Amino acid sequence: MTELKRDVGIWAAVSIVVGTVIGSGIFRVPQAMTQNAGSVGMVFAVWIVGGVLTMAGALTYAELSSMLPGAGGEYVYLTHAYGPIWGFLYGWTQMWVAKSGSIAPLATAFFEYSGNFWPELEHVFFRIPLPLGEHGAPLNVSYGQIFAIAVILVLALVNYFGVKVGGDLQVAVTAVKVGLIAFLILAGILHGNTAESHAPVALPTTAGFFAALVAALWAYDGWNNVGMVASEVKNPERNLPRALIGGSLAVMVIYLLANIAYFLVLSPATVAGHKLVAAEMMRRIQGQAGANWVSLAAMISIFAALNGSILTGARVPYAMARDGSFFRSVAHVHPRFRTPGVSILALSAWSAILVLSGRYDQLYTYVIFASWILYAMAAASVIVLRRKRPDLARPYRTLGYPVVPALFVATAFLLEVFTLKQSPRESIAGIVLILLGLPFYFYWKRFRPESFGDLPSA
C-alpha cells in the first residue's frame with residue numbers, strides 16, 4: 001500500500017504553525033478584546049495569558065507528536081489514550097464542522113478583503129429559488145462566494161500534487177506575510193501618536209477578561225495543526241517539538257508587537273470602535289493608500305492560513321479512513337504524489353459547500369464548546385499515556401510536567417464553564433451535533449481491522 005512521504009522540513013513545519021495561526025485575527029480581534037478587557041494594560045495581560053496557555057499546549061503536544069508521529073494529530077492521541085470512539089468523535093467534528101468551519105470563513109474573509117479592490121465581488125451572481133437562505137428565503141450567491149470557492153479548490157489542487165509543493169507554498173507565503181506584518185509594526189512604532197487619550201473604555205471585570213481571552217485564544221488557534229501532518233515531517237522526533245514551541249513563541253511576539261503599534265497610534269476608544277483596527281491605524285499614517293495596503297497584507301495572511309488549514313486538516317479524515325472509521329476511499333494515497341488526494345478534495349469540497357450556504361458561522365459557534373472538551377482531553381492524554389504506555393519512546397518530554405499540561409486542562413475547563421454559562425443553547429447543540437456521528441462510528445466499527453489501535457505507521 002502506498003504510504004505518505006516525509007517531505008515536510010523544519011521551515012515548512014514552522015511555517016505551518018505561524019502561517020496557520022496568523023490569519024485574520026491579528027487585524028480584527030483587538031476590537032473585541034478592547035471592548036471586553038476595557039484598558040490597554042488588560043488587553044496586553046490577556047494577550048500574554050493567551051500566549052502562555054498556547055505555549056503550555058505546545059509544550060504538551062510536543063511530547064505527544066514526537067511520541068506518536070502519525071497522521072491526524074489529536075485523532076491519534078485521543079485514540080491511543082482513551083480508545084477509538086474518542087478519536088472518531090474528534091475526527092468527525094474536524095471533518096464536518098471544526099476544520100471545514102474554519103476553512104470556509106477564512107476563504108470568505110479573503111474575498112471580503114479582496115472587495116476593497118474589486119467591489120463587484122459583493123454583487124449577487126445568481127439566486128437559488130429554494131428556501132435555503134435566511135428565514136426560508138431564496139439563497140443569494142455572490143461573485144465573492146464563487147471567488148472564495150475557487151481559492152479553496154485551487155489550494156486543494158496545489159496540495160494534491162504533493163505535500164512538498166504545499167509546504168513550499170506555505171513557507172513562501174508565510175515569509176511574505178511576516179515581512180508585511182513587520183512593516184506594519186514598524187510603521188506604528190515610528191508614527192506613534194501619544195496625544196490620543198488612553199483612558200479605559202470600561203472597568204475590567206472577570207467576565208470581560210474571559211470574554212477577551214476567548215477572542216485571544218481564537219487568534220492563537222491553529223498552533224496544533226502541524227501535528228496533523230506529523231507522518232510527513234522529516235525527523236519528527238526533533239522537528240515537531242521545535243516547530244510547535246518555536247512557532248508558538250514567534251506568534252506570541254508578533255501579536256504583542258502588533259498591539260504595541262496599534263495602541264501607539266490609536267486610543268483604546270478608537271480600537272474598540274473599529275472592526276479593522278490595522279486598517280484604521282494605517283489610514284491615520286498613510287491615508288487610504290495605507291488602508292489598501294493593510295487589505296493586501298490581510299489577504300496574504302489569510303491565504304497562508306487557508307493553505308495551512310487545507311494541508312493539515314485533510315490528514316484527519318485520511319487517518320480515520322486508514323483505520324477503518326470513515327469512507328474507505330478517503331484513505332487512498334496517490335501513487336505518484338504520495339498525498340491523501342481524496343481526503344484533500346473531500347474536505348475542500350465540503351468547505352466550499354459551507355461557503356456557498358453561508359451557514360458556517362453558526363455551525364462553528366455550536367461546536368466550540370464540545371471541541372474544547374476534546375482539546376483538553378488530548379492535552380491530558382500526555383499524563384494518561386505516561387501511565388498507560390510508559391514503554392513508548394519519548395524523544396521530547398514536556399517541560400514542567402505535570403504542571404504545564406494541568407494548566408492547559410484547567411484553563412480549558414474554566415473556558416468551558418464560561419462558554420456554557422454565556423451560550424448554553426449553542427453549547428448543548430454542539431454536543432448533540434457531534435454525537436450524531438455515533439451511529440456512523442458503530443457502523444464503521446464492524447469493518448475495522450483487528451489491528452486497530454496499534455501505533456500508527458509513519
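Our structure's up above, just so we're on the same page.
These numbers come from a predicted model, not from an experiment.

Counted by the stated rule, this structure contains 1 cavity of 30 Å³ or more. Volume-wise, the largest cavity comes out at about 120 Å³. Lining of the largest cavity is provided by Leu53, Thr54, Tyr61, Glu74, Leu217, Tyr220, Asp221, Trp223, Asn224, Trp372, Tyr375 and Phe408. If you list the elements that add at least two residues to the lining of the largest cavity, you get helix H3 (40-67), helix H9 (206-220) and helix H16 (360-388). The element that contributes the greatest number of residues to the lining of the largest cavity is H3, accounting for 3 residues.

This part is about the packing of aromatic side chains. A full pass over the atoms with the stated rule returns 33 aromatic pairs. Each member of the aromatic cluster is reached from another via a ring pair, and the members are Phe88, Trp92, Trp96, Phe326, Phe327, Trp350, Phe440, Tyr441, Phe442, Tyr443 and Trp444. Lying over the aromatic face of Tyr401, Arg386 brings its terminal NZ or CZ to 3.7 Å of the ring centre.

This part takes up the environment of Val384. Mapped onto the elements, Val384 comes out in helix H16. Val384 sits 18 residues away from Tyr366 along the chain, and the two C-alpha atoms are 28 Å apart. When sequence neighbours within four positions are dropped, the list of residues in contact with Val384 reads Ala81 and Tyr82.

With that out of the way, let us pick up a nonpolar patch on the surface. On the surface, a cluster of nonpolar side chains totalling about 390 Å² of accessible area is made up of Ile189, Leu249, Val253, Leu257 and Ile260. Here the element with the most residues in the nonpolar patch is helix H10 (residues 236-265); it accounts for 4 residues. Within the element layout of this structure, Leu249 appears in helix H10. Judged by relative accessible area, which is 45%, Leu249 ranks as partly exposed.

This brings us to helix H6 (residues 100-114). Compared with an ideal rise of 1.5 Å per residue, which puts 15 residues at 21 Å, H6 spans 21 Å between its outermost C-alpha atoms and is within 8% of the ideal. Among the 15 residues of H6, 13 are classified as buried, and the element is accordingly described as predominantly covered.

All chains considered together, the criterion is met by 10 salt bridges. Glu63 serves as the salt-bridge partner of Arg394, at 3.3 Å between the closest nitrogen and oxygen. Within this pair, whereas Arg394 is found in the loop between H16 and helix H17 (403-422), its partner Glu63 is found in helix H3, the two being separated by 331 residues in sequence. Residue Arg394 is classed as buried on the basis of its relative accessible area of 10%. In this structure Glu63 comes out as buried when scored by relative accessible area, which is 0%.

Okay, helix H7 (residues 143-160) next. Counted at 1.5 Å a residue, the expected span for H7 with its 18 residues is 26 Å, and the 26 Å between its end C-alpha atoms agrees. For H7, the set of buried residues is Gly144, Gln145, Ala148, Ile149, Val151, Ile152, Leu155, Ala156, Asn159 and Tyr160. Where the residues of H7 are buried, they touch H6, strand S2 (139-142), helix H8 (163-190), helix H13 (288-313) and helix H15 (341-357).

Time to look at the environment of Ile26. Along the chain, the position of Ile26 falls in helix H2 (residues 25-37). The class of Ile26 is buried, set by a relative accessible area of 2%. In the structure, Ile26 is positioned 272 residues away from Ala298 in sequence and 8.9 Å away in space, judged by C-alpha atoms. Setting aside residues no more than four positions away along its own chain, Ile26 makes contact with Ile181, Ile254, Tyr255, Ala258 and Tyr262.

Let's shift gears to unusual backbone geometry. Glycine aside, residues mostly have negative phi angles, and peptide bonds mostly take the trans form. Along the chain, Tyr401 connects to Pro402 via a cis peptide bond; the corresponding omega equals 0 degrees. Phi at Asn235 is positive, roughly 45 degrees, even though this residue is not glycine. As for its position among the elements, Asn235 is in the loop between H9 and H10. On the accessibility criterion, Asn235 (41% relative accessible area) is partly exposed. Unlike most non-glycine residues, Arg338 shows phi in positive territory, near 60 degrees. By the element assignment, Arg338 lies in the loop between helix H14 (315-322) and H15. A relative accessible area of 29% places Arg338 in the partly exposed class.

Turning next to the packing of H9 against H17. Following both chains from N to C, one finds H9 and H17 inclined at 110 degrees, their axes separated by 11 Å at the closest point. With respect to each other, H9 and H17 are oriented roughly perpendicular. Between H9 and H17 lies a crossing whose hand is left-handed. Listed contacts from H17 to Ala207, Phe210, Ala211, Leu213, Val214 and Leu217 of H9 are Leu414, Leu415 and Phe418. Classifying every residue of the contact of H9 with H17 gives 9 nonpolar, no polar and no charged.

Further remarks concern the packing of helix H1 (residues 10-21) against H13. Viewed as axis vectors pointing N to C, H1 and H13 meet at an angle of 125 degrees, and their least axial separation amounts to 7 Å. As summarised for this structure, H1 and H13 are arranged oblique, according to the angle between their axes. Relative to H13, H1 is oriented so that their crossing is left-handed. Contact residues: H1 offers Ile16, Gly19 and Thr20, while H13 offers Ser301, Ala304, Ala305, Gly308, Ser309, Leu311 and Thr312.

Turning to its location among the elements, Ser15 is positioned in helix H1. Sequence-distant contacts of Ser15, that is, excluding residues within four places in its chain, are made with Thr20, Gln170, Val171 and Thr174.

Basis of the calculations
- Residues numbered from 1 in each chain as written.
- Predicted model: local features only at pLDDT ≥ 70, side-chain atom pairs only at ≥ 80, totals over all residues.
- Heavy atoms only, no water.
- 1 Å grid on protein atoms, 1.4 Å probe; cavity = no way out; pocket = protein on both sides within 12 Å on 5 of 7 lines; lining within 4 Å.
- Points joined across faces, edges and corners; volume = space filled by probe spheres on them.
- Helix = DSSP H or I, 4+ residues; strand = E, 2+ residues; numbered from the N terminus.
- Phe/Tyr/Trp six-rings, centres within 6.5 Å; stacked < 30°, edge-to-face > 60°.
- Lys NZ or Arg CZ within 6 Å of the ring centre and 35° of its normal.
- Contact = heavy atoms within 4.5 Å.
- Patch = residues over 30% accessible without salt bridge, like charges linked within 9 Å, V, L, I, M, F, W, Y side chains within 5 Å.
- Areas by Shrake-Rupley, 256 points an atom, 1.4 Å probe, with all protein chains shown as cover.
- Salt bridge = Lys/Arg side-chain N within 4 Å of Asp/Glu carboxyl O.
- Buried < 20%, exposed > 50% of the residue type's maximum accessible area, 1.4 Å probe, protein only.
- Expected span 1.5 Å × (residues − 1).
- Axes fitted to C-alpha atoms, helices over the stretch in contact; angles between N-to-C directions.
- Parallel < 35°, antiparallel > 145°, perpendicular 65-115°, else oblique.
- Left-handed = near helix turned anticlockwise from the far one by under 90°.
- Nonpolar A, V, L, I, M, F, W, Y, C, P; charged D, E, K, R; others polar.

By themselves these figures say nothing about function.
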